[in-house]
Amino acid sequence: AMVNYSLRYERVHKKKEKYKDERWKDSIKIIFTQMLYDGKKRSIEFSFILGQFLANLFYLDKKWVNENIDKIFPRENKKHWNAAFTGYLYYSNKIYDNIYDILKKKGHYEKAINTKFDDDFINEKLVQHISIGCIHGWEKLYDENSLIDKLIKKKRVDHLNDLISFFSRSTNQDRELFKGKIKPLWKELYKVVKKNIEKKEFQKIASSLTQWVNLVDKIDEDIFIYLKFSVKYLGNDFYGRQFMEFLYTYVNNYPEETAQLYLKMIESGGFPSFKKEKIIYIIEFLYKKNIKKEANKICNIHAENRFFSLNDLYNKYNK
């Protein structure tokens, strides 16, 4: 209520008074400062509210927030730090570069990377913040201070899944912003996943990385290597079906790559459900492009696994 009152007070009085850096009433600032420094008066709810309204407080009094940022997020008190940063992440629908920069320089984002929040949504929001920082150029790979670099090297499965998911859900407009950033990110994820691929949770990450094929302009040599690695772990779930749709879309431009990726996938036991007519289209296109050896293998593996829908196609091109 005091924060909302302060924002209203500022809107009413800024036209009558000279615009000041301190835009809230002294009486309210005193209360906030006292509660901030008095451990007996400070409650978990107050810490949560400090994080929740951090952007508003920054607008009301930038100097106060800067001077007290380590009190707002007190590292020495796990419960209060957790409550404040949870409030900040939960309500930060818009990320401001100046606030992001303060929290990064003071080490609070890095602390968050090393914190397992009770709410999965909060862990996901943290990854979103750092991903947005990467998109806007606030974070750069191969920089010792880079949060995106620290996040990936931490190798937390939930963080990596959230990172992949965030970019996969991006809009076409967003993709223009991070054009050119996906390939280096993919390379770093590929290296981390490859080193841990014996673990099932990392095999799942490898599978989900196939979604990123829609974020790159072309299937170059590097992207092809990443895809060949990932398709081995595609099963019959959503990622497999989605990748089949990609193969159907890209076969015209990348018939050789499509043949190898399809073959690698089914040799590893992945037979995702997909429309019969689209599968036939893919394989017949391979035959028409004289990629007969791979097309025959695909047909035979399907038949060996009791998928007989390609038999007629096989007979047609093997008279």
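Residues numbered from 1 in each chain as written. Predicted model: local features only at pLDDT ≥ 70, side-chain atom pairs only at ≥ 80, totals over all residues. Heavy atoms only, no water.

Student: For this particular structure, what's the right way to read empty space enclosed by the protein?
Tutor: If a probe as big as a water molecule is rolled over the atoms, it shows which places are left empty. Inspection of every chain in the model, using the stated rule, returns one cavity of 30 Å³ or more. The space that makes up the largest cavity amounts to roughly 40 Å³. For the largest cavity, the full set of lining residues is Thr210, Gln211, Val213, Asn214, Tyr239, Gln242, Phe243 and Phe246. For the lining of the largest cavity, the residue count by class is four nonpolar, four polar and no charged. (1 Å grid on protein atoms, 1.4 Å probe; cavity = no way out; pocket = protein on both sides within 12 Å on 5 of 7 lines; lining within 4 Å. Points joined across faces, edges and corners; volume = space filled by probe spheres on them. Nonpolar A, V, L, I, M, F, W, Y, C, P; charged D, E, K, R; others polar.)

Student: Before we go on, may I ask you to explain the side chain of Gln211 in this structure?
Tutor: If you trace the backbone, Gln211 turns up in the loop between α14 (200-208) and α15 (221-231). The class for Gln211 is buried, based on a relative accessible area of 14%. Excluding residues within four positions of it along the chain, Gln211 makes contact with Ile164, Ser168, Phe238, Tyr239 and Gln242. (Helix = DSSP H or I, 4+ residues; strand = E, 2+ residues; numbered from the N terminus. Buried < 20%, exposed > 50% of the residue type's maximum accessible area, 1.4 Å probe, protein only. Contact = heavy atoms within 4.5 Å.)

Student: In this structure, what is going on with the nonpolar core? I would like to understand it.
Tutor: Within soluble globular proteins, side chains that are nonpolar tend to cluster in buried spots. Counting residues in each nonpolar core, the largest one holds 102 residues, and the members touching the most others are Phe73, Phe85, Phe167, Trp186, Trp212, Tyr262 and Ile283. Of the residues forming this core, the biggest block, seven residues, is contributed by helix α13 (residues 182-195). (Core = buried A, V, L, I, M, F, W, Y, C linked by side-chain atoms within 4.5 Å.)

Student: What's the story with the packing of aromatic side chains in this structure? I'm lost.
Tutor: Each aromatic ring pair is summarised here by two numbers: the centre-to-centre distance and the angle between the ring planes. Using the criterion set out here, one finds 31 aromatic pairs in the structure. Here the aromatic cluster, defined as three or more aromatic residues joined through ring pairs, consists of Phe73, Trp81, Phe85, Tyr88, Tyr100, Tyr109, Phe117 and Trp138. Cation over ring: Arg23 sits above Tyr59, and NZ or CZ is 4.4 Å from the ring centre. Its guanidinium or amino end placed over the ring of Trp81, Lys111 lies 4.9 Å from that ring's centre, counting from NZ or CZ. (Phe/Tyr/Trp six-rings, centres within 6.5 Å; stacked < 30°, edge-to-face > 60°. Lys NZ or Arg CZ within 6 Å of the ring centre and 35° of its normal.)

Student: Can you walk me through the packing of helix α1 (residues 2-13) against helix α2 (residues 26-37) in this structure?
Tutor: In a packed pair of helices, the relevant descriptors are the angle between the two axes and the axis-to-axis distance. The N-to-C vectors of α1 and α2 enclose an angle of 150 degrees; their axes lie 11 Å apart at closest approach. As far as their axial angle goes, α2 and α1 are roughly antiparallel. Both α1 and α2 take part in a crossing whose hand is left-handed. Contacts between α1 and α2 pair Met2, Val3, Tyr5 and Ser6 from the former with Ile28, Ile31 and Phe32 from the latter. (Axes fitted to C-alpha atoms, helices over the stretch in contact; angles between N-to-C directions. Parallel < 35°, antiparallel > 145°, perpendicular 65-115°, else oblique. Left-handed = near helix turned anticlockwise from the far one by under 90°.)

Student: What is the right way to look at the environment of Tyr5 in this model?
Tutor: Structurally, Tyr5 can be placed in helix α1. The spatial distance from the C-alpha of Tyr5 to the C-alpha of Gly180 is 45 Å, given a sequence separation of 175 residues.

Student: For this particular structure, what's the right way to read helix α9 (residues 120-135)?
Tutor: Along an α-helix, residues three or four apart share an orientation, since each turn contains 3.6 residues. If you check α9, its first and last C-alpha atoms are 23 Å apart, about what 16 residues at 1.5 Å a residue would give, namely 22 Å. Residues Ile122, Asn123, Lys125, Leu126, Val127, Gln128, His129, Ile130, Ser131, Gly133, Cys134 and Ile135 constitute the buried set of α9. Measuring from the backbone nitrogen of Phe121 back to the side-chain oxygen at the start of α9 gives 2.9 Å, which picks out Asp119 as the cap. Downstream of α9 by a residue or two, Gly137 has a phi angle that is positive, lying close to 85 degrees. (Expected span 1.5 Å × (residues − 1). Polar contact = N/O pair within 3.5 Å; in protein donor to acceptor, adjacent residues only side chain to side chain.)

Everything listed here is a matter of coordinates, which is why it stays silent on function.
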